[in-house]
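Results of the structural survey
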Amino acid sequence: MKQRLIGTLFAICLFFTACGNLEQEYQGASTVVPVAAPPPNLGATNWGQPIHQDVARGANDFAFRLSAALLADMGDENFIASPFSVWMPLAALANVTNETHRPALLEAIGAKGSEADAVNQAAARMLFDLTNQAARRHNPDWPNPLHIANGMFASQRVTINQAFAQIFADYYQGGIMNVDFLHYHAAYAINRWAYDNTYGLIYQMVSPKDFDERTAAVIANAIYFSDSWWRKFDPALTQRGNFYGMHLINQAYLMEMAWQEHDPVLYFEDDVTQALTLNFETGGGITIMLPKNGDATGLLASMTLEYFEHMLARENKQLAQGRLVLPRFSIENNHNNLPYVLTNMGIPLFDEFAAPLSGENGLLAVGPPRVWLSDAMQTALIELDEEGATAAAVTLMIAVAESAPPPAQTTFEMICNRPFAFILHKNTIDGGNQILFTGVVNQP
């Protein structure tokens, strides 16, 4: 992991050296919109709300459905994605999706039957809990291995719906930055935001060619996680050995951890898989699943929320002694097919003709532009070794705005020099255009 970090820092230095004094130029041309503090009602007195639990479980269900959809194009390649980094912007956009398409969006993200306000509250609760904000209120030095950031880059040519801007600030802790998408500064600002919020791991998401005069906003989410194992692997036990892949045998550094009778581990096994969880120092963990049929892609693609909860339930595990052999690994994926995948999952926001982010309560404060998502992308990576694990992801969703096309100009000739028909009618209060006579002229 240290070697990867050194290489990353070197690449970053080259990247920003090439940019020259671009940052100074950009700061002079941008405006950061101040945001409000998160809602104060998310403390310990608000635990266990059923509405939060339902939305949170729905977000996990979305995670498995999105993973399965992304895996369909991966074949036997390594895979890493952050479904939560996709879920967050979609949850926020539910507030500016028109009433016709909002139910479909909410159902697709696992919040069927909920209102957008309930999703906002649940999202705020997730951010509060996941980033240890309760503990950090009492002890600012409390470790926080997880960093989550939401942001929006808005075109200087549009005005964002202020009600949405307030919701984005209050519940998603997201700020809004004004940029000129026709200038290369905008791409630099977004890449710098990704760099800052992943501690340098992800730093080149977009280029100026990704934007044009229609680009209205980019909704962004970044996640960075880095923590040490609660029980670390002994580097002295790591050996170089064979890793038997689906088609190839590769060399890997194989780490080892053992649990004895006096120090057992919670272990799960059924007809499908073996599984155990490696815990982190500050909470949470990574559940390692070893499928018995050798098809790890198929196991994850078929994973459901119900089976996941069954696998993690304490009553379904046993205290066991045993041995785990696990390779060090580092994976990075670019998911550039998100529009196709999300559309197939029922997300209606990419429909140019329906323009579901338009309307009185849409993304923009003034109309009549039609607004929809034109693109979405994610870069995700993970590194795991004897010390712990580091993972990061950045998701961007690009919204475009376009005025309604003017009515088509029609030219015609109507030469009634052959049989024609007619209807004679008169308007009435109750019946509208009441038909009084109909006729055909075959021979005048």
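Residues numbered from 1 in each chain as written. Predicted model: local features only at pLDDT ≥ 70, side-chain atom pairs only at ≥ 80, totals over all residues. Heavy atoms only, no water.

**Let's talk about the environment of Asn221**
Within the secondary structure layout, Asn221 lies in strand 4 (residues 215–228). You can call Asn221 buried: its relative accessible area is 0%. Beyond its immediate stretch of four places on either side in the chain, Asn221 contacts Ser85, Met88, Pro89, Ile148, Ala149, Asn150, Trp193, Ala393, Val394 and Thr395. In this structure the side chain of Asn221 is engaged in a polar contact, spanning 2.7 Å, whose partner is the side chain of Asn150. (Helix = DSSP H or I, 4+ residues; strand = E, 2+ residues; numbered from the N terminus. Buried < 20%, exposed > 50% of the residue type's maximum accessible area, 1.4 Å probe, protein only. Contact = heavy atoms within 4.5 Å. Polar contact = N/O pair within 3.5 Å; in protein donor to acceptor, adjacent residues only side chain to side chain.)

**Points about the sheet that holds strand 6 (residues 249–259)**
Strands belonging to one sheet form pairs held by backbone hydrogen bonds; the direction of such a pair is parallel or antiparallel. Read from one edge of the open sheet, 3 strands run 5-6-11, paired in antiparallel fashion. Two strands in the sheet have a free side with no partner beyond their single neighbour: strand 5 (239–244) and strand 11 (322–327). Each strand of the sheet is rotated relative to its neighbour by a mean of 50°, with strand direction disregarded. Pairing between strand 6 and strand 11: 6 bridges, direction antiparallel. Bridge pairing links Leu254 to Pro327 in strand 11. (Pairing = 2+ DSSP bridges. Axes fitted to C-alpha atoms, helices over the stretch in contact; angles between N-to-C directions.)

**Brief notes about the environment of Ser155**
One can find Ser155 in strand 2 (residues 146–155). In this structure Ser155 comes out as buried when scored by relative accessible area, which is 3%. Sequence separation between Ser155 and Val218 is 63 residues; the distance between their C-alpha atoms is 8.8 Å. Sequence-distant contacts of Ser155, defined by excluding residues within four places in its chain, comprise Val179, Phe181, Thr215 and Ala216.

**Some thoughts on the packing of aromatic side chains**
Tallied over the full model, the rule gives 11 aromatic pairs. Relative to Phe280, the ring of Phe225 has its centre 4.9 Å away and its plane inclined at 65°; by these criteria the two rings are edge-to-face. Here the residue Phe225 occupies a position in strand 4, and Phe280 occupies one in the loop between strand 8 (273–279) and strand 9 (285–291), the gap between them amounting to 55 residues. Each ring, one from Phe268 and one from Tyr307, has its centre 6.4 Å from the other, and the planes form 80°; the classification is edge-to-face. In this pair, Phe268 is assigned in strand 7 (residues 265–269) and Tyr307 in helix 11 (residues 305–312), connecting sequence segments 39 residues apart. Like Tyr307, Phe268 is buried. (Phe/Tyr/Trp six-rings, centres within 6.5 Å; stacked < 30°, edge-to-face > 60°.)

**What about the confidence of the model for the chain?**
Per-residue confidence for the chain gives a mean pLDDT of 84, with 81% of residues at or over 70. Considering only residues more than four positions removed or in separate chains, one finds that residues 31–38, a stretch of pLDDT under 50, has 16 contacts. (pLDDT = per-residue confidence, 0-100.)

**Here's the deal with helix 6 (residues 116–130)**
Turn by turn, an α-helix covers 3.6 residues, leaving residues three or four places apart pointing in a common direction. With 15 residues, helix 6 ought to run about 21 Å at 1.5 Å a step, and its terminal C-alpha atoms sit 21 Å apart, in line with that. With 11 of its 15 residues buried, helix 6 lies for the most part within the structure. When helix 6 is considered as a whole, its buried residues turn out to be Ala116, Ala118, Val119, Asn120, Ala122, Ala123, Ala124, Arg125, Met126, Leu127 and Phe128. Contacts made by the buried residues of helix 6 are with helix 3 (50–71), helix 4 (83–93), helix 5 (102–108), helix 7 (133–138), strand 2 and helix 8 (162–172). After helix 6 finishes, the residue Asn132 shows a positive phi value of roughly 55°. (Expected span 1.5 Å × (residues − 1).)

**Focus on the packing of helix 4 against helix 6**
The geometry of helix 4 relative to helix 6 is characterised by a closest axis approach of 10 Å and an angle of 140° between their N-to-C directions. With respect to helix 6, the axis of helix 4 lies oblique. Relative to helix 6, the crossing made by helix 4 is left-handed. For the pair helix 4 and helix 6, contact is made by Phe84, Trp87, Met88 and Ala91 and by Val119, Asn120, Ala123, Met126, Leu127 and Leu130, respectively. Among the residues forming the contact of helix 4 with helix 6, the class breakdown is 9 nonpolar, 1 polar and no charged. (Parallel < 35°, antiparallel > 145°, perpendicular 65-115°, else oblique. Left-handed = near helix turned anticlockwise from the far one by under 90°. Nonpolar A, V, L, I, M, F, W, Y, C, P; charged D, E, K, R; others polar.)

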